[in-house]
Amino acid sequence: GQSLEQPSEVTAVEGAIVQINCTYQTSGFYGLSWYQQHDGGAPTFLSYNALDGLEETGRFSSFLSRSDSYGYLLLQELQMKDSASYFCAVITHNYGQNFVFGPGTRLSVLP
Amino acid sequence: DVKVTQSSRYLVKRTGEKVFLECVQDMDHENMFWYRQDPGLGLRLIYFSYDVKMKEKGDIPEGYSVSREKKERFSLILESASTNQTSMYLCASSPDTLAGGFEQFFGPGTRLTVL
C-alpha cells in the first residue's frame, strides 16, 4: 500500500519556529509537495521538492531526503494567520501524476 | 488568475439518488482530479484524468464514476448515493509535468450530505 505519516497536531506561539515532519512509503516517487488549508478553504500549494535538500520560500522552507523517505516543512517567524492544516503529498509517478496526500497536521499558533 | 470552479458549495441528496458534481478549470490544464476529504484521513484520490476521455482510478473509486468530454470539464458521478459518501469533495487541476506540473490548483469544494 501507500502511506504518508504526519503528526496530527502541532501548537506553537507567535514568532516561533515549527517543523512539520512527513514520512512516506509509496510505490513510486517523483517529488514531495506541501499544501496549506485554512478552515473552510481549499488547499493551496506551498512548496515542492524533487531533489534532496532544502528549498526556501520566504518564511517557509521544505526539506527532502529521498534515501530516508522523509521530508519536513519549516515555518519561521510564525504568525496567527499560519494557523491552518498542512498536508504533505507525494507525486508517485510522472505520467498521469498520481498524488498521494498525507492525513494533515493541524497547526495552532497562539499569541 | 488561475481558477477552478465547482458547481455547488453545498449539496443535500437522498440515498439512492444519482449525483453529479461538476468541475471546470480555465487554465488549459491536462490533468484533473477528484478527491474526497474526511477528518483525519486527509485527501483521498477518487479518480484522475490526464487527457480528454482518459481516466484512471485513484485509491477509492468504488461507488463513483467520472466523465471528461472536454479538456476544461471533469465530472464526478455518484450512481446511487449512499450515506457513507457524505463528505467534502475537492476538484483539482494541474499542468503536464513537463510544463512544471507539480502544483495542483484546487476548487472551493462541494460539501455533500446524503440523507
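Above this text is the structure in question.
Small disclaimer: the values here were computed from a predicted structure and weren't measured.

## Considerations on the overall build of chain B
Secondary structure summary: chain B contains zero helices and eleven strands in total. Moving toward the C terminus, one meets the helices and strands of chain B in the order β-β-β-β-β-β-β-β-β-β-β. In terms of overall size, chain B behaves like a compact globule, its C-alpha atoms giving a radius of gyration of 13 Å where 115 residues would be expected to give roughly 13 Å. Projected onto its principal axes, the C-alpha positions of chain B cover 40 × 25 × 25 Å. A buried classification covers 50% of the 115 residues belonging to chain B. Across chain B, the fraction of contacts at a sequence separation of at least 24, relative to all contacts at a separation of at least 6, is 56%. Of the roughly 5500 Å² of accessible surface on chain B, 51% is carried by carbon and sulfur atoms.

## A few points about the sheet that holds strand 3 (residues 18-25) of chain A
Residue and element names in this part refer to chain A. An order of 1-3-8-7-6 is seen for the five strands of this open sheet, with the pairing classed as antiparallel. Of all strands in the sheet, those with a lone pairing partner are strand 1 (3-5) and strand 6 (53-57), marking the two edges. If you compare each strand with its neighbour and ignore which way they point, the axes differ by 15 degrees on average. Of the pairings in the sheet, the one linking strand 7 (residues 60-65) to strand 8 (residues 70-75) comprises six bridges and is antiparallel in character.

## Quick look at the pattern of salt bridges
Close approach of charged atoms lets side chains of opposite charge pair. Enumeration according to the criterion identifies nine salt bridges over all chains in this entry. With a shortest N-O distance of 2.8 Å, Arg59 of chain A and Asp82 of chain A are connected by a salt bridge. Here Asp82 of chain A lies in the loop between strand 8 and strand 9 (84-91) and Arg59 of chain A lies in the loop between strand 6 and strand 7, a separation of 23 residues in the sequence. The closest approach of N and O atoms between Glu69 of chain B and Lys53 of chain B, which form a salt bridge, is 2.4 Å. Residue Glu69 of chain B is found in strand 7 (residues 64-70), and its partner Lys53 of chain B is found in the loop between strand 5 (42-49) and strand 6 (56-57); the two are separated by 16 residues along the sequence. This pair shows no difference in class: Glu69 of chain B is exposed, exactly as Lys53 of chain B is.

## Examining the pairing of strand 5 (residues 44-49) of chain A
Residue and element names in this part refer to chain A. In this sheet, strand 5 lies alongside strand 4 (residues 31-37) in antiparallel orientation, the contact comprising five bridges. Paired with Trp34 across the strands is Ser47, a residue of strand 5. Connecting strand 4 to the antiparallel partner strand 5 that follows it, the hairpin turn spans six residues, and Gly40 within it adopts a positive phi of roughly 80 degrees.

## A look at the layout of surface pockets
Counted as a void, the largest pocket has a volume near 470 Å³. If you go around the largest pocket, you meet 22 residues; those closest to its centre are Gln37, Ser85 and Phe87 of chain A together with Gln37 and Pro39 of chain B. Where the lining of the largest pocket is concerned, the elements lending two or more residues are strand 9 and strand 11 (105-110) of chain A together with strand 4 (31-38) and strand 9 (87-94) of chain B. Looking at the lining of the largest pocket residue by residue, the class counts come to six nonpolar, eleven polar and five charged. Looking at the second largest pocket, it is lined by 14 residues, and the ones nearest its centre are Gln2, Val100 and Phe101 of chain A together with Leu41 and Arg44 of chain B. At the level of secondary structure, the elements contributing two or more residues to the lining of the second largest pocket comprise strand 1 and strand 10 (99-101) of chain A together with strand 5 of chain B.

Calculation criteria
Residues numbered from 1 in each chain as written. Chains lettered and ligands numbered in written order. Predicted model: local features only at pLDDT ≥ 70, side-chain atom pairs only at ≥ 80, totals over all residues. Heavy atoms only, no water. Helix = DSSP H or I, 4+ residues; strand = E, 2+ residues; numbered from the N terminus. Rg over C-alpha atoms; globule rule 2.2 N^0.38 Å. Buried < 20%, exposed > 50% of the residue type's maximum accessible area, 1.4 Å probe, protein only. Contact = heavy atoms within 4.5 Å. Areas by Shrake-Rupley, 256 points an atom, 1.4 Å probe, with all protein chains shown as cover. Pairing = 2+ DSSP bridges. Axes fitted to C-alpha atoms, helices over the stretch in contact; angles between N-to-C directions. Salt bridge = Lys/Arg side-chain N within 4 Å of Asp/Glu carboxyl O. 1 Å grid on protein atoms, 1.4 Å probe; cavity = no way out; pocket = protein on both sides within 12 Å on 5 of 7 lines; lining within 4 Å. Points joined across faces, edges and corners; volume = space filled by probe spheres on them. Nonpolar A, V, L, I, M, F, W, Y, C, P; charged D, E, K, R; others polar.

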